[in-house]
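Commentary on secondary and tertiary structure
Take a look at the letters that make up each chain.
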Amino acid sequence: MLGENVEIILLWTIAFFITLILTIVITVLFSRIGGNLVENIRGGVPRGVGLAPFLVMVLLFPAPYNYFIAIIGVTAFIDDIVGRRPLGSYIEVGQFFRAIGIIAVFLIALSVMGPIAILVSLVMVQIFNIADMQPGVAGITVIIMSIVSFTLLALIGSSTYYIPILLLLIALGYISQDYSGYIMMGEIGNHSFGVALGICFALVSAETTRIVAPNNFILVEFIIMIVLILITVFIIAKIRENTLEHYLEKYLHINNPTFGDYVMDILTGGGLGDLVRRFTLGNTQINVESSFLKSIGVRRLIYNPFAKKQTNEDLNSEKLL
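Not measured: the values here are computed from a predicted model.

1. Some points on the side chain of Arg 277
With respect to the helices and strands, Arg 277 occurs in helix 12 (residues 270–281). Among the polar contacts listed, one links the side chain of Arg 277 to the backbone oxygen of Tyr 303, at a separation of 3.2 Å. For Arg 277, the residues in contact, after removing those within four places along its chain, are Thr 268, Gly 269, Gly 282, Arg 300, Leu 301, Tyr 303, Asn 304 and Pro 305.

Here it is in structure tokens:
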């Protein structure tokens, strides 16, 4: 028992210091390489430095979970490298490869986790992609929710308690420069952290359900996982409240956005959500008048960036909710 604890502490220590060192090395390397790996803001900010925590997660997370992280990270890094290069009229090259990664993780994780794999692959990637639009938010959220996951696993006596702390220390080894805005984790970082935290949530959900409701495993597991995801989204929405308000008002023209709008932007915003809206809504923009629907974020859910600009006559005849 003592030897096992020493091994775990050693694993945690190695994770922190390797991430810290790799983050410095990759920051310097990407600064010199330039191209799409340097974002043209604040005098040039290295992008894709999330390669550092990604490599450590792949190296130190137990199998098969490190395979999930490896798949999503590699496909996301293609997006970081190629930049915003179109692939046809509807999608970019990077988005295409990220979608392949999400689908691959889901299909492979399905045999390990069951249906909850869809939440680990698609939903967690989505919310961390949006969280990473403000420096430090993704990292802070990982730190908070890793502690929550560890606490829950420790309370129920699960042997997997060490995995959330492993993720926590990797995040701590990386976050300082990201929080300050000197580096950007890129798609490889936010996708990898999203799936890794999703794995922690899946462990909490499965282990808890085995104790409290083994006869209704899939349903209760889903409910626990969704609660953990919603807590995560609320944390991101609260941290990003000011920037989301500015974004929704200035760029989407959603006046006086509610907290529900912020939550819905995190859950359905970005390129994938807009692509779904393009196919489902076409050129239609549905106007939401109900205060209740506004409060739960329906305005943001059905906001269509591809809708044609409307005249006053159009607005009088458009669909209302």
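2. Comments concerning the nonpolar core
In this structure, Phe 61, Met 113, Leu 167, Phe 193 and Ile 199 are the most contacted members of the largest nonpolar core, which totals 82 residues. Ignoring anything within four residues of it in the chain, the contact list for Phe 61 reads Val 56, Asn 66, Ile 69, Ile 163, Leu 166, Leu 167, Ile 170 and Ala 196.

3. Points about helix 9 (residues 217–239)
For helix 9, built from 23 residues, the straight-helix expectation of 33 Å at 1.5 Å per residue is met to within 8% by its first-to-last C-alpha distance of 33 Å. Inspection of helix 9 places Val 220, Glu 221, Ile 224, Met 225, Leu 228, Ile 229, Thr 232, Val 233, Ile 235, Ile 236 and Ala 237 among the buried residues, and these make up the whole buried set. The secondary structure elements touched by the buried residues of helix 9 are helix 4 (93–113), helix 5 (117–131), helix 6 (137–155), helix 8 (186–212), helix 10 (241–250) and helix 11 (259–268).

4. A short note on a nonpolar patch on the surface
Residues Leu 152, Leu 155, Ile 156, Ile 211 and Val 212 make up a contiguous nonpolar surface patch of about 470 Å² in total accessible area. Those elements that place two or more of their residues in the nonpolar patch are helix 6 and helix 8. Within the secondary structure, Leu 152 sits in helix 6.

5. Digging into the packing of aromatic side chains
Between two aromatic rings, the relevant description is the distance of the centres plus the angle of the planes. This structure, assessed with the given rule, holds nine aromatic pairs. Between Tyr 65 and Phe 68 the ring centres are 6.1 Å apart and the planes differ by 70 degrees, which places this aromatic pair in the edge-to-face class. Here Tyr 65 pairs with Phe 68, and both are found in helix 3 (residues 65–82), just three residues apart, close to one helical turn. With respect to burial, Tyr 65 and Phe 68 carry one shared label: buried. Taking the centre distance of 6.2 Å and the plane angle of 80 degrees together, the rings of Phe 259 and Tyr 262 count as edge-to-face. Of this pair, Phe 259 and Tyr 262 both sit in helix 11, three residues apart, roughly one helical turn. By way of ring pairs, the aromatic residues Phe 234, Phe 259 and Tyr 262 are connected into one cluster.

6. A short note on the pattern of salt bridges
The tally for this structure, following the rule as stated, stands at eight salt bridges. The shortest N-O distance in the salt bridge between Glu 39 and Arg 47 comes to 3.5 Å. Asp 79 is paired through a salt bridge with Arg 98; the nearest N and O atoms lie 2.7 Å apart. With Asp 79 in helix 3 and Arg 98 in helix 4, the pair connects residues that are 19 residues apart, well separated along the chain. Exposure class is identical for Asp 79 and Arg 98. Each is buried.

7. What about helix 5?
The terminal C-alpha atoms of helix 5, which comprises 15 residues, lie 21 Å apart, in line with the 21 Å expected from a rise of 1.5 Å per residue. When the local axis directions of helix 5 are compared, the greatest deviation, roughly 30 degrees, occurs at Val 123. The buried fraction of helix 5 is high, at twelve of 15 residues. Here helix 5 has its buried residues at Ala 117, Leu 119, Val 120, Ser 121, Met 124, Val 125, Gln 126, Ile 127, Phe 128, Asn 129, Ile 130 and Ala 131.

8. Digging into the packing of helix 8 against helix 9
Relative orientation of the contacting elements helix 8 and helix 9 amounts to 140 degrees, with a least axis distance of 8 Å. The pairing of helix 8 with helix 9 is recorded here as oblique in orientation. The two elements helix 8 and helix 9 meet at a crossing, and its hand is right-handed. Contacts between helix 8 and helix 9 involve Gly 198, Phe 201, Ala 202, Val 204, Ser 205, Ala 206, Thr 208, Thr 209, Arg 210 and Val 212 from the former and Phe 217, Val 220, Glu 221, Ile 224, Met 225, Leu 228, Ile 229 and Thr 232 from the latter. A breakdown of the residues in the contact of helix 8 with helix 9 according to their chemical character gives eleven nonpolar, five polar and two charged.

9. Topic: the environment of Val 227
Positionally, Val 227 belongs in helix 9. Considered as a pair, Val 227 and Thr 23 are 204 residues apart in the sequence and their alpha carbons are 32 Å apart.

Each value, and the rule that gives it
Residues numbered from 1 in each chain as written. Predicted model: local features only at pLDDT ≥ 70, side-chain atom pairs only at ≥ 80, totals over all residues. Heavy atoms only, no water. Helix = DSSP H or I, 4+ residues; strand = E, 2+ residues; numbered from the N terminus. Polar contact = N/O pair within 3.5 Å; in protein donor to acceptor, adjacent residues only side chain to side chain. Contact = heavy atoms within 4.5 Å. Core = buried A, V, L, I, M, F, W, Y, C linked by side-chain atoms within 4.5 Å. Buried < 20%, exposed > 50% of the residue type's maximum accessible area, 1.4 Å probe, protein only. Expected span 1.5 Å × (residues − 1). Patch = residues over 30% accessible without salt bridge, like charges linked within 9 Å, V, L, I, M, F, W, Y side chains within 5 Å. Areas by Shrake-Rupley, 256 points an atom, 1.4 Å probe, with all protein chains shown as cover. Salt bridge = Lys/Arg side-chain N within 4 Å of Asp/Glu carboxyl O. Phe/Tyr/Trp six-rings, centres within 6.5 Å; stacked < 30°, edge-to-face > 60°. Bend = angle between axes of the 7 residues up to and from the residue. Axes fitted to C-alpha atoms, helices over the stretch in contact; angles between N-to-C directions. Parallel < 35°, antiparallel > 145°, perpendicular 65-115°, else oblique. Left-handed = near helix turned anticlockwise from the far one by under 90°. Nonpolar A, V, L, I, M, F, W, Y, C, P; charged D, E, K, R; others polar.

Just geometry here; none of it tells us what the structure is for.
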